[in-house]
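As a plain string of letters, each chain reads:
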Amino acid sequence: MSRPSAAERVSRFGTTVFSEFSALALKHGAVNLGQGFPDFDGPDAVKEAAQRAIRDGVNQYAITTGSKDLRQAISEHAARFYGQQVDPDTMVTVTSGATEAILDVILGLVDPGDEVIAFEPFYDSYDANITFIGAKARYVPLRAPDAQHAQWWIDWAELEAAFSPRTRLLILNSPQNPTGKVFTREELERIGALCVKHDVKVLSDEVYEHIVFAPAQHVRPATVPSLADRTVTVSSMGKTFSLTGWKIGWVIAPPPLRDAVQRAHQFVTFATASPLQTATAAALRLPDSYFQELTANYLARREKLLRGLREAGLPAHAPEGSYFILAEISHLGFPDDVAFCRHLVTQVGVAAIPPSVFYSPDHRHLGQRFARFAFCKTDGVLDEGARRLRDGLTKAR
Ligand SMILES: Cc1ncc(COP(=O)(O)O)c(C=O)c1O
C-alpha cells in the first residue's frame, strides 16, 4: 500500500472557502463581494516608487531584517500615528505580508503542545499555523451585538477560563476580520491584565489599522502599558495602500521577541521583494491626507453597502473598522450560511462568504446566522451588487 502524498499536518486542509466561492462567482457571472481585496488600485506615487527602484537597480536580496529605509519608515509611522517609540534596528523585521509574519511569530514563540488563545470568528491562517507547529488552539467566541451591547463583545468569564498553564500566546486582531470590531482601550487593558497574570505573549494583527470609522479609534495594543513588553505587532501595506498583491508586511516587537521572530523569518523567506520594500517606505511616508481620504472613502462604501443590504432585507450591524459587513440571514429560512451563500451566488448573482468557516467546529453554529460581504469595491460594483440582492432576495420572498 502506498503512503498518502500529503503530510498529516496539511491533510485536513482542503480548498479554502475563498477559492470555492470565487470559482462559483466566475461560473455564474456573480458580483464578487466575497473576496477581501480591493477592485481598485493603489496610489500612483507608490507604484512609481516601485518602478523607479527596479530601474535604479534595487533588485538583489534585501538584508534579512528588511531594508534600512523601510525599517526607518515603519518606525516613523509608529511614532506619527501611535506615539510608539520603535528602534528600527532591534525592533523590526520586514516579512512577505502579514501572512508570513503570523507564521514567523508562532514559529518563534510557541512550542508544540503549547496553547494559543484566539477570538472567533478568526482569520483562517491563525488556525492553520497553530496546527502546523503542533500547538493547540483555544477559541473564545466574540459575542454579537444585542440589546445590552452596542458592539461585538467579550464574555470575560469565558476568556479567563481559556487560560491554562500551557497558554503561550493570545492572538488579537483589531480592527477585526470579519466582525469589524475595534477593541477599546479598556478591553485591551483587561486583556493585558490577564496576559500579565498568566505570563502570555500577544500577537496583535493590525492589517486594517487605517480602516477605522469614528467614533471608533484604533488603539495599538503595544501602546497599552501592560502589553508593551509582551506584544508582537503585525501589520502590512496591502490593505492600507490597496496593493494586496505586493505582500510586504512587518513585525514590531521588543528586541527579545523580535529576535525570536527573526530567527524563524530568516529560514522562512530570508528576505522579501527589495524594490517593493523601497516603495513601501514611500507609502508609509505619504501625508496624513492620504490616510484620511482612505478612511473617508471606505466610510462612504460602508454606508452604500449597508443601505443596499438593508433594502434587500438583510439587516446588518455597522462595522467599526475593516472592510467587511456581517449581515443577518437567519430569518430567511436557509439551513445555514453555506446554503444561503450557495443560493446567493448561483441564483442571485452575488458572492459572499459563509462566516461559519471562521469558527472552530464546536462554535460553528454561531456563524451560521450571518453572511460576510466585503465593501472594498468600486461604486459601480457595490451598486450592481445591491441591485441584484434587492431584486433576487425580495422576489424570492
Ligand atoms: C486579519 C488579517 N490578517 C492578515 C491578513 C493577510 O495580510 P497580508 O496580505 O499582508 O499577508 C489578512 C488578509 O486578508 C487579514 O484579513
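Residues numbered from 1 in each chain as written. Predicted model: local features only at pLDDT ≥ 70, side-chain atom pairs only at ≥ 80, totals over all residues. Heavy atoms only, no water.

As recorded in an unreviewed UniProt entry, the chain goes by Aspartate aminotransferase and comes from Hyalangium minutum. As stated in UniProt under Sequence similarities (unreviewed entry), the record for the chain gives "Belongs to the class-I pyridoxal-phosphate-dependent aminotransferase family." Looking at the Cofactor (unreviewed entry) heading of the UniProt record, one finds this comment for the chain: "pyridoxal 5'-phosphate". (UniProt positions renumbered as here; feature names shortened; annotations may be inferred.)

Structural notes on the overall build of the chain
Scanning the chain from N- to C-terminus turns up 15 helices and eleven strands. Relative to the 2.2 N^0.38 estimate, which gives 21 Å for 397 residues, the radius of gyration of the chain is 21 Å and therefore close to what a compact globule would have. Considering only C-alpha atoms, the chain reaches an extent of 60 × 60 × 50 Å along its principal axes. Buried residues in the chain amount to 57% of all 397 residues. For the chain, the share of sequence-separated contacts (at least 6 apart) that also reach a separation of at least 24 residues comes to 75%. Carbon and sulfur atoms make up 53% of the accessible area of the chain, which totals about 16,800 Å². Separation between the mean location of the 42 positive side-chain charges and that of the 45 negative ones in the chain comes to 3 Å. (Helix = DSSP H or I, 4+ residues; strand = E, 2+ residues; numbered from the N terminus. Rg over C-alpha atoms; globule rule 2.2 N^0.38 Å. Buried < 20%, exposed > 50% of the residue type's maximum accessible area, 1.4 Å probe, protein only. Contact = heavy atoms within 4.5 Å. Areas by Shrake-Rupley, 256 points an atom, 1.4 Å probe, with all protein chains shown as cover. Lys, Arg positive; Asp, Glu negative; His and termini not counted. Charge placed at Lys NZ, Arg CZ, Asp CG, Glu CD.)

Comments concerning the layout of surface pockets
Taken as a whole, the second largest pocket encloses approximately 450 Å³ of empty space. Of all the secondary structure elements, the ones that give two or more residues to the lining of the second largest pocket are helix H4 (68-82) and helix H12 (288-311). By residue number, the principal contributor to the lining of the second largest pocket is H12, which donates four residues. In terms of residue class, the lining of the second largest pocket is made up of eight nonpolar, six polar and four charged. Among the domains, domain 1 (8-42 + 289-396) and domain 2 (44-286) are the pair contributing at least three residues each to the lining of the second largest pocket. (1 Å grid on protein atoms, 1.4 Å probe; cavity = no way out; pocket = protein on both sides within 12 Å on 5 of 7 lines; lining within 4 Å. Points joined across faces, edges and corners; volume = space filled by probe spheres on them. Nonpolar A, V, L, I, M, F, W, Y, C, P; charged D, E, K, R; others polar. Domains from an automatic or database assignment.)

Some remarks on the site of the ligand
Every residue close to the ligand is listed here: Gly97, Ala98, Thr99, Tyr123, Asn173, Asn177, Asp205, Val207, Tyr208, Ser236, Lys239 and Lys247. Within the side chain of Thr99, one N or O atom sits 2.5 Å away from an oxygen atom of the ligand. At a separation of 2.7 Å, an oxygen atom of the ligand approaches a polar side-chain atom of Ser236. Protein coverage of the free-state accessible area of the ligand, which is 400 Å², stands at 92%. Ranked by residues supplied to the shell around the ligand, first place goes to helix H5 (residues 97-109) with three residues. (Near = heavy atom within 4 Å. Polar contact = N/O pair within 3.5 Å; in protein donor to acceptor, adjacent residues only side chain to side chain.)

A closer look at the pattern of salt bridges
All chains considered together, the criterion is met by 28 salt bridges. A salt bridge links Asp41 to Lys47, with the nearest nitrogen and oxygen atoms 2.9 Å apart. Given the relative accessible area of 53%, Asp41 is considered exposed. The exposure class assigned to Lys47 is partly exposed, which follows from its relative accessible area of 24%. In this structure, Arg138 engages Glu115 in a salt bridge whose closest nitrogen and oxygen atoms are separated by 3.4 Å. In this pair, Arg138 sits in strand S4 (residues 136-141) while Glu115 sits in strand S3 (residues 115-120), placing the two residues 23 residues apart along the sequence. The class for Arg138 is partly exposed, based on a relative accessible area of 27%. (Salt bridge = Lys/Arg side-chain N within 4 Å of Asp/Glu carboxyl O.)

Some details on the state of the cysteines
Cysteine pairs can be linked by a disulfide, which is a covalent bond between their two sulfur atoms. Taken as a whole, this structure holds zero disulfides when the rule is applied. No disulfide involves Cys376; its sulfur sits 16 Å from that of Cys341, the nearest cysteine. (Disulfide = S-S within 2.5 Å.)

Thoughts on the packing of aromatic side chains
This model, assessed by the stated rule, comprises 20 aromatic pairs. On the basis of an interplanar angle of 80° and a centroid distance of 5.9 Å, the ring pair of Tyr208 and Phe324 is categorised as edge-to-face. Linking Tyr208 in the loop between strand S6 (201-205) and helix H9 (225-228) with Phe324 in strand S9 (residues 324-328), this pair joins segments that are 116 residues apart in sequence. Comparing Tyr208 with Phe324, the two get one shared label, buried. Ring-pair connections join several aromatic residues into one group, and the members of that group are Phe40, Tyr208, Phe213, Tyr298, Tyr323, Phe324 and Phe375. A cation sits over an aromatic face here: Lys181 above Phe183, 5.0 Å from the ring centre. (Phe/Tyr/Trp six-rings, centres within 6.5 Å; stacked < 30°, edge-to-face > 60°. Lys NZ or Arg CZ within 6 Å of the ring centre and 35° of its normal.)

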